[in-house]
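Coordinate analysis (summary)
Listed below are the residues making up each chain.
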Amino acid sequence: MPGSSPDRIRNFCIIAHIDHGKSTLADRLLEHTGLVDSIGNRPQLLDDMDLERERGITIKSHAVSMNYHCSDGGDYILNLIDTPGHVDFSYEVSRSLAACEGAILLVDASQGVEAQTIANVYLALEYDLTLLPVMNKIDLVSAQPDICRQQIVDLIGCSPEEVLSVSAKEGTGVPEMVAALINAIPPPSVVKDQPLQALIFDSLFDNYRGAIAYVRVVSGILKPGMTIFFHSTGIRYLVDEVGLLRLERVKTDQLGTGQMGYVIPGCKEVGETRVGDTIGDDADPLPDPLPGYREPKPMVFAGLFPANAEDYESLKDALARLKLNDASLQYEPETSGSLGFGFRCGFLGLLHLEIVQERLEREYDLNLVSTVPNVKYRVTDNHGEVRFIDNPAHLPPVSNIKVVEEPIIKAQVVTPPEYVGAIMQLATERRGIYDTTEYLDARRAVLHYKMPLSEIIYDFYDKLKSMSRGYASFDYELTGWEPTLMVKLDILLNGEIVDAMSVLVNEDKAYAWGRRVVDKLAELIPRQMFEVAIQAAISSRIIARATVRAYRKNVTAKCYGGDVTRKRKLLEKQKEGKKRMKSFGNVEVPQEAFMAILKSD
Amino acid sequence: MNEFALYFHYPFCLNRCYYCNFTSSVLDESVAERYRQTLIKELLLRSDEPPWKDGTIRSIYIGGGTPSLMPAEYVNKLLLLIRDCFNYPPDIEVTIEANPGAIDAESLSAFHEAGINRISIGAQSLIENELRQLSRIHTSKDIHAAVLAARQAGIYNISLDLMYGFTGQSVNSFTESLNRALELDIKHLSTYALSIEGSTEKLSPPQNSSQPTPDPDLAADQYDALCSIMKKAGFDHYELTNFALSGFQSHHNWTYWRSIPYLGLGVSAHSFDGKNRSWNIPIIDEYNERLERDALPQETVEILSMENVQTEQVYLGLRTSDGLTMTEFEHIINPRELAEMVDSGFLIVSDGTILVPEERWLLLDDIVLKLLSKCDKIA
């Protein structure tokens, strides 16, 4: 096998802000190293989910091994991990980084350094990665390479000459970049004679083979027939197969130190190959796992319920399968008075929620209703007992509560200076507390705010994008907890509380929230046989109300010349329409209403 | 099967109404002549086929289109041929549809002589500006004239079609149309609320008229007025859209609502043989060509299961004032929804019969969907 000794291996990833061309650069690398002849009309080759191609984003990490014959005469193995770009997926990024020695820092020459670029650089430095700075899209008329180069120099302290220029779209500069990569990024370090340690940086479930873990072998050798164990669970497995990740899996005799590849441990149980976990040799175990593994921390919680109660088991199975591919997804059974049996799920953010819901609906053919998402609160009762509440239904009676604390974030917004005013106003509306402003250069300001997490989970990112014509970018990290005045706001339909629509909301914002939700529901709930009264209430106090009048006519009037079939088809259509509805007493609510009430106009 | 109703479709009009959902085209005499021949051919082919062969006719309906544009001698020939093909009892209901702007006393007399004993006049409205707005070619004067001419020709069983629920029409103007219609001493009234749906949407109303888009609330108000006026006038509201003086309920319409077999002839015509539904191809040229090759012009046969037939009977039966016999349909009805709807006045159960009260008929689709909610499919 060419380059099988560790000094011929380069493990790297590409870090970039969303839309800066990461997946396109990955496509060019696959071509340049000869792994594929031509990407042709299948761009974003590594993004194999339909959803990824449609949205033009990477949701899961993807790994690929490329053989490369360098002009220095050596044969190398280049292992690339393509990582997600959205702020919701920073944990996925962190796992990929932990498996690499270096990273291509890719910056769009027409956009410059953005919030995600900065956040990823900090993350990469945390993992001691060697950065290879590259400007992309230099073919664009709007490219400003000089300004962009200076921003990169300021950010990572390299010399201007070290910043490479490529056009991933056209392929220019890619061969030079590969050569620079082999030079700049160090090979995997080897601790001689140390037993097996391998990091799981991704995993997926194969219907025929069971769980498949994508690993980086840090020390030792991984091969079929050996007994391994996972640190987090202690469970032992007999290795079935190992191999390299080309575009398909390619079986090999072993995975050596420094190598990236896959291992099939023969576990049929979904959920055992935990992303971030360490694999050890059962015959020669090391006591400690590899550093860098963190339990993923969901930020946003919502209930997911099958629209048809009989799909509960299918949803349970689908979540278990998704969980294998998505370490950050958490869920536990939940029962709702209005929606029946479902699951309380934890997500990294609202995009993550949307993606999970969409994948469940598409890939598992489920019809789902999602409740209003919320953050987790820390509630201390009068006896001093502390509880974390991620479900409005579990909030203790107000009289028993001593204090409620909410998660606080440190947010950084990178924006052209002309939008600073508008963004400050938005941040203030969202209870943001201003910290500082720095200027990266004349075109780019960084605003630092302290904000409650709950204020950014709905539409903050969308608002920020639209008010800055897409230029502003945003990133955040959790810093702690602060007391907050919070109330539980209920929504009632014809006098019945729809528990799935209850929210925990800051007291000062309750009235506006109630008014908005009530109005939105009045818009979304179609007229039906009965009048529908929509109310928002805090405890038993009604704070907003709207009415959907009963309609008086819904009949396909005439049987045109005996065409009964046509009439029946119209009825069928109506029946289909009702399937997208959820009944609450005698009120029918379109499923979309649950998500739509979150979005402001 | 012995008894069935017979329907002929004549798809030609003097102009095309934008809201019309029937297969129809503007009259081209040479195409119409060819069609009349192929229509006869279909009659002859079908009369030799099971299950229609040697059957007995319950009623005949010639619809369209504007069948009153048919030459009288052709109508005569058609009815004579039916006598040859099937058992044709002497006193059955034989209806022709007429457009007030496309009918004259002479052909009405000839129709009557041929055996037509009922006429359905597509009046739509008796208010001038509404007729213009609906781009009808006739005036209210024409309607009066057509009714008088029919009666003079010996056709006493006269039905009018009226439309409601379109923009520009108020409750008052619809009431006015109704009163004028009643003054004409009609025996039967069919009403329908204008609903633009399916392929009708592709046609747009004429530029110079305000667009009559349906308003469901207006239609509901007009429907309430319709029910009370017709009740006062002594009419029986025997089906959602139909009113008749005692003894003048349309026999032909009942075949549809009671799932009695009917044979439909002509382009896009629908048939029901008691088990399955079928319909003819909807394109006139193709229909002609098919028959000229001695082939049947059927496009689709829809095989219905027993449960399908019964669920159809539920939503057709609930359209009528007779309702449904509870015991026959108990197994497909959702008992919880039934109880709830009886409680809230959407249904009445008495003497083992389920009925939709007149004032709730306009919500029939919802009622049926709820009632049949335990069925996987409506039919």
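These notes cover the structure that comes with them. Computed from a prediction, not measured in an experiment: that's the story for all the values here. (Residues numbered from 1 in each chain as written. Chains lettered and ligands numbered in written order. Predicted model: local features only at pLDDT ≥ 70, side-chain atom pairs only at ≥ 80, totals over all residues. Heavy atoms only, no water.)

Brief notes about the layout of surface pockets
When its volume is computed, the largest pocket comes out at roughly 950 Å³. Along the walls of the largest pocket sit 32 residues, with Asn308, Lys578, Met581, Ser583 and Glu588 of chain A positioned nearest its centre. Elements supplying a minimum of two residues to the lining of the largest pocket: strand E17 (340–347), helix H12 (564–579), strand E30 (581–584) and strand E31 (587–590) of chain A together with helix H12 (335–343) and helix H13 (364–371) of chain B. Its residues placed into classes, the lining of the largest pocket shows eleven nonpolar, nine polar and twelve charged. (1 Å grid on protein atoms, 1.4 Å probe; cavity = no way out; pocket = protein on both sides within 12 Å on 5 of 7 lines; lining within 4 Å. Points joined across faces, edges and corners; volume = space filled by probe spheres on them. Helix = DSSP H or I, 4+ residues; strand = E, 2+ residues; numbered from the N terminus. Nonpolar A, V, L, I, M, F, W, Y, C, P; charged D, E, K, R; others polar.)

What about the sheet that holds strand E17 (residues 353–355) of chain B?
Spatially, three strands are ordered E15-E17-E16 (chain B) in an open sheet, and the strand pairing comes out antiparallel. The strands lining the two open edges of the sheet, one partner per strand, are strand E15 (324–325) and strand E16 (348–350) of chain B. (Pairing = 2+ DSSP bridges.)

Topic: the sheet that holds E17 of chain A
Whenever strands of a sheet pair, they do so through backbone hydrogen bonds, lying parallel or antiparallel. Residues and elements named next belong to chain A. Overall, antiparallel pairing links the four strands, which are arranged E16-E17-E15-E18 in an open sheet. At either end of the open sheet lies a strand with only one pairing partner, and these are strand E16 (330–336) and strand E18 (368–370). Direction aside, the axes of adjacent strands within the sheet are offset by 30 degrees on average. One ladder, built from five bridges, connects strand E15 (residues 300–306) with E17; its direction is antiparallel. Paired with Ala302 across the two strands is Cys345, which belongs to E17. Its contacts with the sheet place helix H8 (residues 350–363) against E15, E17 and E18, and it is angled at close to 15 degrees to E15. (Axes fitted to C-alpha atoms, helices over the stretch in contact; angles between N-to-C directions. Contact = heavy atoms within 4.5 Å.)

Examining the packing of H12 of chain B against H13 of chain B
Residues and elements named next belong to chain B. At a minimum axis distance of 8 Å, the contact between H12 and H13 shows a crossing angle of 145 degrees. Across the interface between the two elements, Glu337, Leu338 and Met341 from H12 touch Ile367, Lys370 and Leu371 from H13. Per-class residue counts for the contact of H12 with H13 are four nonpolar, no polar and two charged.

Considerations on the environment of Leu265 of chain B
Residues and elements named next belong to chain B. Relative to the helices and strands, Leu265 resides in strand E11 (residues 262–265). On the basis of relative accessibility, which here comes to 0%, the residue Leu265 falls in the buried class. Along the chain, Leu265 and Arg46 lie 219 residues apart, while their C-alpha atoms are 8.7 Å from each other. Residues in contact with Leu265, not counting those within four places in the same chain, are Leu6, Tyr7, Phe8, His9, Leu39, Glu42, Leu43, Arg46 and Asn280. (Buried < 20%, exposed > 50% of the residue type's maximum accessible area, 1.4 Å probe, protein only.)

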